[in-house]
Amino acid sequence: MALTGPWPYPLWVAHRGAGKLAPENTLAAFRLGAQHGYRAFECDVKLSADGVPFLLHDATLERTSSGQGTASLLEWSALSRLDAGGWHSRAFAGEPLLSLDAIAAYCIGNGFALNLEIKPTPGDELATGRKVATEVARLWAGQAVPPLLSSFSLDALRAARDADARWPRALLLDTLREGWFDEAKALGCVAVVTNHKVMDAAVIARLHDAGRRALAYTVNDTETAQRLLAIGIDGIITDAVDRFSPAAASAQS
Ligand code: G3P
Ligand code: MG
C-alpha cells in the first residue's frame, strides 16, 4: 500500500471516460466527462501484440472499433489506425484508440485523477499487470497523485505489485465471493471496488475498520447513488455523467 494521508481521489468517477455519451475509452469520452465537471475517470487497459498498453474494454475489436478479432494480436501501429468512434455515432467517426501514454498526458496536463482498470486479454494477466505498473512509474514520475490500479484479476494485481509496489491497488469484485477480504489484504489493496448491488454498510465498515476504502460501479440511478452516499461510500463510478454533478454535495438528478 503506497497511499498515506487522506484519500486523494474524487468521489465521482466517470466510467470509461464518459460512460455511454461518447465512445468509451477514447479521448472524446474523457473530454465530455470533463465538460460535465468530472475530475476522475475510470478506463480499461490491455496490451497490444508489441506490448503497448492501450484502452479497450473487450478482448475483441468488433463492438467498439472498425477492427476485427482479438485486439492483442495486433501491433499498436495497426490498432492506432482503427476508428474507435464511428460505431457510437457519426459525430465521433475517426476517433482513435487511446494509448496509455496519451491518456496519461491528458490527465496529468489537466490535473485529473485516473483509475486504471487492468483488463488483460485472457492469458496476458501477468504481462499486463507488470507493464501497467512499470509504465505508471515512467508516465506519472513526480506526480503527487498516481493512478489507482484496479483489476478483477488477482494475477494482474499481483504482477503489478511485484513490478512496482508503490502504486495503489484495488480489487474489483462482481460478487462477494468467499475470501474476498483476505484476498484484498494479501494483495496490499488500498480499496475494494464492487458491483453496487453487493455494496452495503457491513462491507464498508469492514473495509474502513481495516483502513481500506470502498468504491462501487456502475451506478447510474439516483436512488442507488443516494443509498451508497448515505452509508459512506468513498467512490462512485458512473456512466451517468449528465445526471450526477460532481460539484453537487449529494446525488442530484
Ligand atoms: O472498474 C469498474 C468497472 O469498469 C468494471 O466493469 O466491465 O465496466 O470494466 P467493466
Ligand atoms: Mg472497467
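This is a predicted model, so every value here is computed, not measured.

Peer 1: Looking at this structure, I do not really get the site of ligand 1. What am I missing?
Peer 2: Around ligand 1 lies a shell formed by H15, R16, E42, D44, H57, E117, K119, F152, L172 and Y217. Interatomic distance of 2.7 Å between a side-chain N/O atom of H57 and an oxygen atom of ligand 1. Notes on ligand 1: free accessible area 290 Å², of which the protein chains cover 91%. For the shell around ligand 1, the residue count by class is 3 nonpolar, 2 polar and 5 charged.

Peer 1: Sorry if this is basic, but what is going on with the coordination of the magnesium ion (ligand 2) here?
Peer 2: By definition of the ideal shapes, four donors in a tetrahedron about a metal sit 109.5 degrees apart, and six donors in an octahedron sit 90 or 180 degrees apart. In the first shell of the magnesium ion (ligand 2), the protein supplies E42 (OE), D44 (OD) and E117 (OE), at 2.0 to 2.2 Å from the metal. Counting the intervening residues between successive donors of the magnesium ion (ligand 2) yields the motif E-x1-D-x72-E. D44 matches E42 in its accessibility class, with the two residues each being buried.

Peer 1: Even after reading the chapter, I still don't get helix α1 (residues 27-35), so can you show me in this structure?
Peer 2: Each full turn of the α-helix corresponds to 3.6 residues, which orients residues three or four apart in the same direction. Along α1, 7 of the 9 residues are buried, which leaves the element largely enclosed by surrounding structure. Those residues of α1 that fall on the buried side of the exposure criterion are L27, A28, A29, F30, L32, G33 and A34. The inward-facing, buried residues of α1 contact β2 (40-47), β3 (53-55), α3 (100-110) and β4 (113-118). Backbone geometry just downstream of α1 places G37 in the positive-phi region, at approximately 95°.

Peer 1: For this particular structure, what's the right way to read the pattern of salt bridges?
Peer 2: When the charged atoms of two side chains with opposite charge come close together, those side chains can pair. Taken as a whole and judged by the stated rule, the model has 13 salt bridges. The closest approach of N and O atoms between E24 and R63, which form a salt bridge, is 2.7 Å. Taken as a pair, E24 in the loop between β1 (12-14) and α1 and R63 in the loop between β3 and α2 (76-79) lie far apart in primary sequence, 39 residues in all. Residue E24 is classed as buried on the basis of its relative accessible area of 11%. For R63, a relative accessible area of 37% corresponds to the partly exposed category. Here D234 ties to R213 by a salt bridge, and the two come within 3.2 Å at their closest N and O atoms. Separated by 21 residues along the polypeptide, D234 in the loop between α8 (222-230) and β9 (235-238) and R213 in strand β8 (residues 213-217) bring together distant segments of the chain. On the accessibility criterion, D234 (11% relative accessible area) is buried. A relative accessible area of 28% places R213 in the partly exposed class. Within the structure, one salt-bridge network assembled from shared partners comprises R16, E24, D44, D58 and R63.

Peer 1: How should the pairing of β4 be read in this particular structure?
Peer 2: When a strand is regular, its side chains alternate between the sheet's two faces. Counting buried positions over the 6 residues of β4 gives 6, a clear majority of the element. Side-chain alternation along β4 places A113, N115 and E117 on one buried face and L114, L116 and I118 on a second face that is also buried. Sheet topology places β2 next to β4; 6 bridges connect them, and they run parallel. Note on β4: the bridge partner recorded for C43 is L116. Here β4 pairs with strand β5 (residues 148-151) via 3 bridges, running parallel. Each residue of the ladder has a partner; that of L116, found in β5, is L149. Handedness of the crossover joining β4 and β5 through helix α4 (residues 125-139) is recorded here as right-handed.

Peer 1: I would appreciate a short explanation of the pairing of strand β7 (residues 191-195) in the present structure.
Peer 2: In terms of residue burial, β7 counts as a mostly covered element, since 5 of its 5 residues are buried. As judged from the 4 bridges shared by strand β6 (residues 169-173) and β7, these two strands associate in the parallel manner. Across the sheet, the residue bridging to L173 is T194, located in β7. This β-α-β element, β6 to helix α6 (residues 180-186) to β7, shows right-handed connectivity.

What counts and what doesn't
- The residue numbering used here restarts from 1 in each chain and proceeds along that chain's sequence as written.
- Chain A is the first chain written and ligand 1 is the first ligand written, with later ones labelled in order.
- Local features in a predicted model are, by the rule used here, given only for residues with pLDDT of at least 70; side-chain atom pairs are given and counted only at 80 or more, and totals for whole chains, interfaces and linings are based on all residues.
- Think of the side-chain values as coming from all heavy atoms in the structure, minus any hydrogens and water.
- Here a residue is near a molecule or strand as soon as one of its heavy atoms is found within 4 Å of it.
- Definition of a polar contact: a pair of N or O atoms within 3.5 Å, with one able to donate and the other able to accept a hydrogen when the atoms are protein atoms, and with sequence-neighbouring residues admitted only if both atoms are side-chain atoms.
- All accessibility values rest on the Shrake-Rupley procedure with a 1.4 Å probe; residue burial counts only the protein chains present in the view.
- All amino acids are sorted into three groups, where Ala, Val, Leu, Ile, Met, Phe, Trp, Tyr, Cys and Pro are nonpolar, Asp, Glu, Lys and Arg are charged, and the leftover types, Gly among them, are polar.
- The rule for donors is simple: an N, O or S atom within 2.8 Å of the metal counts, and for Na, K and Ca the reach is 3.2 Å. Water is not among the atoms, so a site may look short of donors.
- Per-residue accessibility, obtained with a 1.4 Å probe over protein chains only, is compared with the maximum for each type, and a residue is labelled buried under 20%, exposed over 50%, and partly exposed between these values.
- Secondary structure follows DSSP: runs of H or I at least 4 residues long count as helices, runs of E at least 2 residues long count as strands, and numbering of each begins at the N terminus.
- The contact definition used throughout considers only heavy atoms, calling two residues in contact when any of these lie within 4.5 Å.
- Here a salt bridge means any side-chain nitrogen of Lys or Arg lying within 4 Å of a carboxyl oxygen belonging to Asp or Glu.
- At least two DSSP bridges between two strands are needed for those strands to be called paired.
- Note on handedness: a clockwise path from strand one over the helix to strand two, with the strands aimed away from the viewer, defines a right-handed crossover.

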